Amino acid sequence: MIAALGPLFETALSVGTFSGASLLVASPERVLFEHCWGLTRSGGVPVTADTRFDLASLTKPLATASLCMWAVSQGILKLDAPLSRFFPMAILPLEKQGITLRHLLNHCSGLPPYEPFYLRLLETPPARRSQVLLSRILETPLTAPPGKICQYSDLGFILLGMILETVLEAPLDRLAGRLLFDPLGIDDLHFLRLDVPSADPTVPPGRASAGSFTFAATELCPWRNRLLDGEVHDENAYCLSGVAGHAGLFGTARGVFTLAAFLWKVYRCRLCGSPFSSRVVEIFWKKPGMVPGSTWALGFDTPNCRDSSSGVHFSSGSVGHLGFTGTSLWMDLERNVMIVLLTNRVHPTRSNEKLKAFRPRLHNLVMETYHDRK
């Protein structure tokens, strides 16, 4: 496979699609191919299988949605529970009282995609930022009534992270470690908790848990005025000390594979005694049909019939997700193929859009090569 993929990656590196990349192709049972290309930054060291990438919105399926799967499997959460079950009515506007966990997971809550809360949030003492952010989100007007349209929303997953922390009585990073990563022996998926005390974003934060990892650098951030290296790229997540329901997870392609393969085996009823229910995973991975034409399942996406980032060969029975920094996971549940692609396409600037054309070409080539070998 390296002979087929090498020229594609070398060309991408030469035109600045990213400075480095890690690719893993697998079935649920085993890794079929794994390789790295390029450098961790311009002039940096080579990317290796141990290089940590900022996974950005892969946090949504791999941490937040997976923790929701666990909690639903255990009977702790119900998908149709409304926000009024979790937040005081005094701070919950009438238009949001009927939003359910299913709405949030399916991106059809009516909440807008994004708001730059960080511009004011850093002025708030760290201990109060989560509560202030909750109030700001609940005050944000809906763009549509719940369940009427699908609109990808960071805000919905920030709320899901807060709900998990409240119901399970622990910070999101500890929950992910204790309930997801540690039981599977995954030490290369993790949040990086930051000490972000200053109202001045140009002051570098303390980093409590970076260890000796090598990171793929992301953006030369114009707001923080520094190159981000082992520091979450998403600004709203940054103001929450690097731990949030929509972003903040770092990891390797092997770590992504290990967790995704575990869920896939649960889905196929291949594991006994798991705290996850195969029926619950199936519910999360199936489009609920609440909004006609939507590609969204619960916490996961499915291929678009036109111009999908997964290319043209992934079947309709596929699930996956993208991350803003240049990361992606796609699993074809019918053809037993998983492709994990980690890049730092935002290095040195987020205005780099070359990955949009590269990603489907890669997926097409991998699927064609894989099936030829079969």
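Here the residue numbering is sequential within each chain, running from 1 through the sequence in written order. pLDDT decides what is reported in this predicted model: residues at 70 or higher carry local features, side-chain atom pairs at 80 or more are listed and counted, and totals for whole chains, interfaces and linings draw on all residues regardless. Neither water nor hydrogens contribute to the side-chain values; these are computed over all heavy atoms in the structure.

A. Examining the pairing of strand 10 (residues 318-323) more closely. For strand 10, the buried fraction is high: five of the six residues fall into the buried class. Two strands make a pair as long as DSSP finds a minimum of two bridges between them. Strands here are runs of E lasting at least two residues and helices are runs of H or I lasting at least four, both read from the DSSP assignment and numbered beginning at the N terminus. Bridge count for strand 10 against strand 11 (residues 327-332) is six bridges, and the pairing is antiparallel. Across the sheet, Leu322 pairs through a bridge with Ser328, a residue of strand 11. Hairpin remark: strand 10 followed by strand 11, antiparallel, with three residues in the connecting loop; positive phi at Gly326, about 115°. For the exposure calls, accessible area comes from a 1.4 Å probe over protein chains only, and a residue counts as buried if that area is under 20% of its type's maximum, exposed if over 50%, partly exposed in between.

B. Up close: the pattern of salt bridges. What makes a salt bridge here is a side-chain nitrogen of Lys or Arg within 4 Å of a carboxyl oxygen of Asp or Glu, nothing more. Enumeration according to the criterion identifies 15 salt bridges in this entry. Linking Lys60 and Asp154 is a salt bridge whose minimum nitrogen-to-oxygen distance equals 2.8 Å. Here Lys60 is found in helix 2 (residues 59-73), whereas its partner Asp154 is found in helix 6 (residues 154-168), with 94 residues between them in sequence. With relative accessibility at 0%, the residue Lys60 sits in the buried group. For Glu231, the salt bridge goes to Arg226, with nearest N and O atoms at 2.9 Å.

C. A look at the side chain of Asn106. Position of Asn106 relative to the elements: it lies in the loop between helix 3 (101-105) and helix 4 (118-121). Given a relative accessible area of 1%, Asn106 falls into the buried group.

D. Expanded view of the packing of helix 2 against helix 9 (residues 253-267). Each axis is a line fitted through C-alpha atoms, taken for helices only over the stretch in contact, and angles between the N-to-C directions span 0 to 180 degrees. Two elements in contact, helix 2 and helix 9, have axes whose closest approach is 12 Å; the angle formed by their N-to-C orientations is 25°. Taken as axis vectors, helix 2 and helix 9 run roughly parallel relative to one another. Remark: the crossing between helix 2 and helix 9 carries left-handed chirality. Every residue of helix 9 that contacts helix 2 at Leu62, Ser66 and Met69 is listed here: Val256, Leu259 and Leu263. Amino acids are sorted into nonpolar (Ala, Val, Leu, Ile, Met, Phe, Trp, Tyr, Cys and Pro), charged (Asp, Glu, Lys and Arg) and polar (every other residue, Gly among them). For the contact of helix 2 with helix 9, the class distribution of residues is five nonpolar, one polar and no charged. Note on angle classes: values under 35 degrees are labelled roughly parallel, values over 145 roughly antiparallel, values of 65 to 115 roughly perpendicular, and the remainder oblique. What makes a crossing left-handed is the near helix being turned counterclockwise from the far one by less than a right angle; a clockwise turn instead makes it right-handed. What makes two residues a contact is simply this: any of their non-hydrogen atoms within 4.5 Å.

E. Up close: helix 1 (residues 2-14). Spanning 13 residues, helix 1 covers 18 Å between terminal C-alpha atoms, matching the ideal 18 Å at 1.5 Å per step. Taken together, the buried positions of helix 1 are Leu5, Gly6, Leu8, Phe9 and Ala12. Immediately beyond the C-terminal end of helix 1, within one or two residues, lies Gly16, with a positive phi of roughly 80°. A helix is expected to span 1.5 Å for every residue after the first.

F. Up close: the environment of Asp195. Counting through the fold element by element, Asp195 comes out in strand 5 (residues 194-195). Accessibility expressed as a relative area gives 46% for Asp195, which makes it partly exposed. On a C-alpha basis, the gap between Asp195 and Arg207 in space is 6.2 Å, while along the polypeptide they are 12 residues apart. For Asp195, the contacting residues outside a window of four places in its chain are Pro205 and Gly206.

G. Up close: the sheet that holds strand 3 (residues 53-54). Strand order in the open sheet formed by three strands is 3-9-4, with antiparallel pairing between adjacent strands. Looking at strand neighbours, the two that pair on one side only are strand 3 and strand 4 (189-191), the edges of this open sheet. Sheet topology note: the strand 3/strand 9 (residues 249-251) ladder contains two bridges and is antiparallel. Across the sheet, the residue bridging to Asp54 is Phe250, located in strand 9. Strands in contact with helix 7 (residues 172-181) are strand 4 and strand 9; relative to strand 4, the strand with the most contacts, it is inclined by about 160°.

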